[in-house]
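Breakdown of the fold
Spelled out from the first residue to the last, the chains are:
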Amino acid sequence: MITNFDQLIEQVRTKPRKRLVAAWAVDDHTISAARFAVEKGIVEAILVGDQKKIADVCAHEKIDPSIFTIVHVEEELKAISTAVDMINNGAGDILMKGLCSSDKYMRAILNKERGLLPPKAVLSHVTVVSAPTYPKLLIVSDVAVIPAPDLSQKTAMTNYVIQVAKALGIEKPKVALLAATEQMLPGMQACVDAAMIAKMADRGQISGAYVDGPLALDVALDMESAKTKKLESPVAGDADCIVFPNIESGNVFFKAVTKLAKGELAAMVVGAKAPCVLTSRGDTTTSKLNSIALAALMAK
C-alpha cells in the first residue's frame, strides 16, 4: 500500500512513461514540476504555450528546454484547446493545467464538440492529501468541480475515490460520507444522501469498500472521538476516503490542511477521457509533481 508521495513516485517510475500535455504552461511552477517529472522518469512532457515565455522561465530556473516538446501557441485559450485536442488525438495520456484559470481549463474539458467528457459521464475532482497529523494518505472529493452534488453525483464521487484508493494499493478502502453530524437527521440533506449511499454499499450497489455515513469529520478521522461517541463502524476513526457534501466543505478542508497543517497534495479531474491534473495556481511545485505522478498512476 502506498502511504506517502515518495512511494507514489517510486511506484510510477516502475511503469512505462506517460505523455503529459500541459496547457498554457508558461509559469515556473508548472514548468518546474514537469521538469522534475521528466527527470524522475515519470512522463514525457509536452508544453503548450508561448515559446518565448517558456524559454524565459527555463532560463530563469536553469532548466534545459530540450527535455520538453514545446508546442508554440501565443494565446491562452488557443493553447488550452490545442492541449485538449492533443489528448483527443492520442498525442498525450494526461492533461495538465498551467497558468490558465480553472474555469477556462474546465470549459475546454467540458466542450461538447471538442472536449474530453464521455457521454453521460460525471466529471469530478479527486484530491489525495498527506497531512502530518494523519498516518496515511487521505483521498477526498469534491473540492473543486461540483458545487452542490446530488445523490447521483455523490454516488459517482464515492466510486471515484474507491478507484483511486485501490490504485494506491488499499485493498478495501474505508469511505466516510461526511455531514455535520453522525446522527441521522432527515431534515439535513447531507445526512439523507449519506445514509442512502451507505445502504447502497451494504446491498452491493457500490462494491469493493467499506462505506459509512453520515459521519462527522471528527469521528471519521479520530478513533478516540468515535469511541467517546460509542460509534461502531469499520470506517470511523480510520477513514481512507472522504466524500464531502458540498464544494465549500471540501475546499475549506483541502486549504486548511495545506495552508495551516502544511500538508501536501495531489489533485486531478476524473471521469474524463484522460486524467486531468487540476491544482490551484497557488499550489507548490511539489504538489504539482505529486499530481502528475497520481495522474500517471491512473492513466491507461
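Residues numbered from 1 in each chain as written. Predicted model: local features only at pLDDT ≥ 70, side-chain atom pairs only at ≥ 80, totals over all residues. Heavy atoms only, no water.

Contact geometry for helix α4 (residues 76–88) and helix α5 (residues 102–110): axes closest at 10 Å, N-to-C directions at 40°. Comparing their axes, α5 and α4 come out oblique. As α4 packs across α5, the resulting crossing turns out to be right-handed. Contacts from Glu-76, Leu-77, Ile-80 and Val-84 in α4 reach Lys-104, Tyr-105 and Ala-108 in α5. When the residues that make up the contact of α4 with α5 are grouped by side-chain class, the tally is five nonpolar, no polar and two charged. (Axes fitted to C-alpha atoms, helices over the stretch in contact; angles between N-to-C directions. Helix = DSSP H or I, 4+ residues; strand = E, 2+ residues; numbered from the N terminus. Parallel < 35°, antiparallel > 145°, perpendicular 65-115°, else oblique. Left-handed = near helix turned anticlockwise from the far one by under 90°. Contact = heavy atoms within 4.5 Å. Nonpolar A, V, L, I, M, F, W, Y, C, P; charged D, E, K, R; others polar.)

The next subject is the pattern of salt bridges. Under the definition given, this model contains 14 salt bridges. Put simply, Arg-107 and Asp-103 hold a salt bridge, and the shortest N to O gap is 3.4 Å. Residue Arg-107 and its partner Asp-103 are both found in helix α5; the two are separated by four residues, about one turn of the helix. One salt-bridge network, in which partners are shared between bridges, spans Lys-136, Lys-174, Asp-238 and Asp-240. (Salt bridge = Lys/Arg side-chain N within 4 Å of Asp/Glu carboxyl O.)

Moving on, we come to the packing of aromatic side chains. Under the defined criterion, the tally for this structure stands at one aromatic pair. Ring centres of Phe-244 and Phe-253 lie 5.3 Å apart, and the angle between their planes is 45°; this geometry places the pair in the tilted category. This pair shows no difference in class: Phe-244 is buried, exactly as Phe-253 is. (Phe/Tyr/Trp six-rings, centres within 6.5 Å; stacked < 30°, edge-to-face > 60°. Buried < 20%, exposed > 50% of the residue type's maximum accessible area, 1.4 Å probe, protein only.)

So, about the pairing of strand β6 (residues 138–141). Residues Leu-138 and Val-140 of β6 are buried on one face, and the alternating residues Ile-139 and Ser-141, pointing to the opposite face, are buried as well. Judged from the three bridges that link them, strand β5 (residues 124–130) and β6 form a sheet pairing that is antiparallel. Of the residues in β6, the one forming a bridge with Val-128 is Ile-139. Where β6 lies against strand β9 (residues 241–243), three bridges are found, and the strand directions are parallel. (Pairing = 2+ DSSP bridges.)

Okay, the sheet that holds β6 next. Spatially, eleven strands are ordered β3-β2-β1-β4-β11-β10-β5-β6-β9-β7-β8 in an open sheet, and the strand pairing comes out mixed. Either end of the sheet is taken by a strand with one partner, and the two such strands are β3 (69–72) and β8 (210–215).

With that settled, the discussion passes to the state of the cysteines. Counted under the stated rule, the structure contains zero disulfides. Its sulfur unpaired, Cys-100 is 11 Å from the next cysteine sulfur, which belongs to Cys-276. As a non-bridged cysteine, Cys-191 has Cys-241 as the owner of its nearest cysteine sulfur, 20 Å distant. (Disulfide = S-S within 2.5 Å.)

Of all the six residues making up strand β1 (residues 18–23), five are buried; the element is thus mostly covered by neighbouring parts of the structure. Here β1 runs beside strand β2 (residues 43–49); their pairing, made up of six bridges, is parallel. Looking across to β2, one finds that Ala-23 is bridged to Val-48. Remark: the β1/helix α2 (residues 28–39)/β2 crossover connection has right-handed handedness. For β1 and strand β4 (residues 94–97), the ladder comprises four bridges, and the chain directions are parallel. Paired with Ala-22 across the two strands is Met-96, which belongs to β4. (Right-handed = clockwise from strand over helix to strand, strands pointing away.)

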